[in-house]
Each structure stands twice: as C-alpha cells, then as structure tokens.
Amino acid sequence: MADHYPCDLCARPSGDDAPVCVRCADETVEGLRSVHDWLAEALEDAVARRTALGGTSGGKRTRAAAAPLPIDLRASEAASVLHGTLSTWVRVLHEESATSRLPEDDLADMARWLAPVIRWARARGYAAELIDEVNAAVRQAVRAVDRPVRRIPIPEPCRVIILDGQTPKACGGRLTVLLAPGLPIDGQVRCAEDSDHVSTLTDLEVARRRARRVRVRLART
Ligand SMILES: [Zn+2]
Ligand SMILES: [Zn+2]
C-alpha cells in the first residue's frame, strides 16, 4: 500500500495501518515507565507534604479542631485521575489477553503491567482513546508533582548485547538520560527498546573509551 494510514493523534503516517503511530505509543510507554519509576511515589509525597505544610490561608489562622487539614487538591486530583485511567485500561486490555495476571490496585504496579502491552494495543480500534487518555493523565500528574524531571535524548544507540535468533547483536535502541535532582533515578540512562537496559552516563563513558582503545589497537596491527 502506497499511503500508510495517518496516526489518529498526530496525523503523521503511522508506518503501518495501525490507528496510532509508534512515536505516540512510545510517549505512552515512557510515561508509564516514569509512573512506576518515580511518579507514583512523587504524587504520594506531594499530597502528603502539602498536607503537612498547609494550613495558612491568607495569614488567618484556623482553629485546628474546627478546620479539616487542607490537602493538595491538584496532586490528589491528578492521582485519582491517573488511577481511574490506568485501572480502566487495565480492565479493557486484560479482557483481551486473558492469560496474564491482573496487577495490584496501585499506580506503580498498573503502570508496570500496562507498559509492555501498549505497542501491541496500538493496532486495536480503541488505540487513540487509550493513548490519548493515558498521556493526558500522566502529563497532569507530572505538572502536579512539580518536580523537574527532564529526559534528554542521547545521540548514540544502546549497546547492550541481545540475541537475534542465535546471533548476538547490539540492541541499538534510542537512549535517554534522566535528570532528576534528589531522586534515585537521577543520571540513569534508559533504552526505549527494553526497560531492563539501564545504565548510567559513567557506564557509557567507560564503554566509549573501551571502544576507542580497541580502534587504536586495531589501527596499529
Ligand atoms: Zn502519532
Ligand atoms: Zn537497549
């Protein structure tokens, strides 16, 4: 077929006849990974921290006994939207793939369960709705936690060795480094192909130097 079906969400060619393109689906996979890596925890923190800090409204002190503790509405609303969205789509996708277990009823576990099935779900009739809703809920949560986690693409491919049938080859997946001051994931390098391909910028530098030494040695012989 000469013209591929345009993506329902971004109108770029989807690359095949799926309703949603790989790029839009990858944003969802990345988003779900951040939910189980740090966002679920950060949301919980945001609700708790501001609950503890809140209580001054316009300098007027409220009597503790009379006033309920103010909670961070933005964070708690984002958490409940995200929870509702993920559990809805877990239910839909679980019905279609009856073999897999159901995740626990918590954000991190649902996100971990959903991430690997998104690429497959991209071809389903409901793909646009699924991907649009999950992306919107994740974005709302990121805004609500107000923590600057940045993802910077790295202009070199993943070098983890994988098996292609019987032949070992480099993974070649797109790499991103996470900059998240104060979080355990700060400085981690992630691969778009496989969430187990985790390294650090230091690992990458070591690998780069090793490759350079090998090249020098080969040039000498
Ligand atoms: Zn798209
Ligand atoms: Zn990889």
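Preceding block: the structure.
Residue positions within a chain follow its written sequence, with the count starting from 1. All chains are assigned letters beginning at A, and all ligands numbers beginning at 1, according to the order in which they are written. Totals for whole chains, interfaces and linings use every residue, but because this is a predicted model, local features are given only for residues with pLDDT of at least 70 and side-chain atom pairs only at 80 or more, for both listing and counting. Side-chain descriptors were evaluated using all non-hydrogen atoms of the structure, hydrogens and water having been removed beforehand.

Q: Just to check I follow, could you spell out the coordination of the zinc ion (ligand 1) for this structure?
A: Ideal geometry at a metal centre gives angles of 109.5 degrees when four donors are arranged tetrahedrally and 90 or 180 degrees when six donors are arranged octahedrally. The protein atoms that coordinate the zinc ion (ligand 1) are Cys7 (SG), Cys10 (SG), Cys21 (SG) and Cys24 (SG), at distances spanning 2.3 to 2.4 Å. Excluding water, the donors of a metal are its N, O and S neighbours within 2.8 Å, or within 3.2 Å for Na, K and Ca, and that exclusion means sites may look incomplete. For four-coordinate sites, all angles between 85 and 135 degrees define a tetrahedron; for four- and six-coordinate sites, opposite donors beyond 155 degrees with the remaining angles between 65 and 115 define square planar and octahedral shapes respectively, and all other cases count as irregular. Every donor counted, the four donor atoms about the zinc ion (ligand 1) form angles of 104 to 114 degrees at the centre, which fits tetrahedral coordination. Read N to C, the donor residues that coordinate the zinc ion (ligand 1) are spaced as C-x2-C-x10-C-x2-C.

Q: What is the right way to read the sheet that holds strand β7 (residues 188-191) from this model?
A: Note: strands within a sheet are paired through backbone hydrogen bonds, in either parallel or antiparallel orientation. If you walk across this open sheet you meet the four strands as β3-β6-β7-β8, and the pairing is antiparallel. Among the strands making up the open sheet, the edge pair consists of β3 (150-154) and β8 (199-200). Two strands are said to pair when DSSP picks up at least two bridges between them. Here a helix means four or more residues in a row that DSSP labels H or I, a strand means two or more in a row labelled E, and each is numbered from the N terminus. One ladder, built from two bridges, connects β7 with β8; its direction is antiparallel. Note on β8: the bridge partner recorded for Val189 is Ser199.

Q: Looking at this model, I keep getting lost on the pairing of strand β6 (residues 175-179). Mind explaining?
A: Remember that side chains alternate between the two faces of the sheet whenever the strand is regular. Burial here depends on accessible area, computed with a 1.4 Å probe over protein chains only, as a share of the maximum for the residue type. Under 20% is buried, over 50% is exposed, and the range in between is partly exposed. The element β6 is largely enclosed, with a buried count of four among its five residues. Pairing of β3 with β6, which is carried by five bridges, proceeds in the antiparallel orientation. The residue bridging Arg151 from the neighbouring strand is Leu178, located in β6. By the bridge criterion, three bridges tie β6 to β7 in an arrangement that is antiparallel.

Q: Hey, could you run me through the nonpolar core in this one?
A: The nonpolar side chains of a soluble globular protein tend to be buried, and buried together. By nonpolar core is meant a set of buried Ala, Val, Leu, Ile, Met, Phe, Trp, Tyr and Cys residues that side-chain atoms within 4.5 Å join together. Formed by 46 residues in total, the largest nonpolar core has its most connected members in Leu82 and Leu86. When residues of this core are traced back to their parent elements, those giving at least two are α1 (22-53), α2 (73-96), α3 (107-114), α4 (118-121) and α5 (127-145). Beyond its immediate chain neighbours, meaning those up to four positions away, Leu86 contacts Leu32, Leu107, Met110, Ala111, Leu114 and Val134. Judged by nonpolar contacts, the second largest core, of eight residues, contains Ile154, Cys158, Cys171 and Leu204. Between two residues, a contact is recorded if the distance between any of their heavy atoms is within 4.5 Å.

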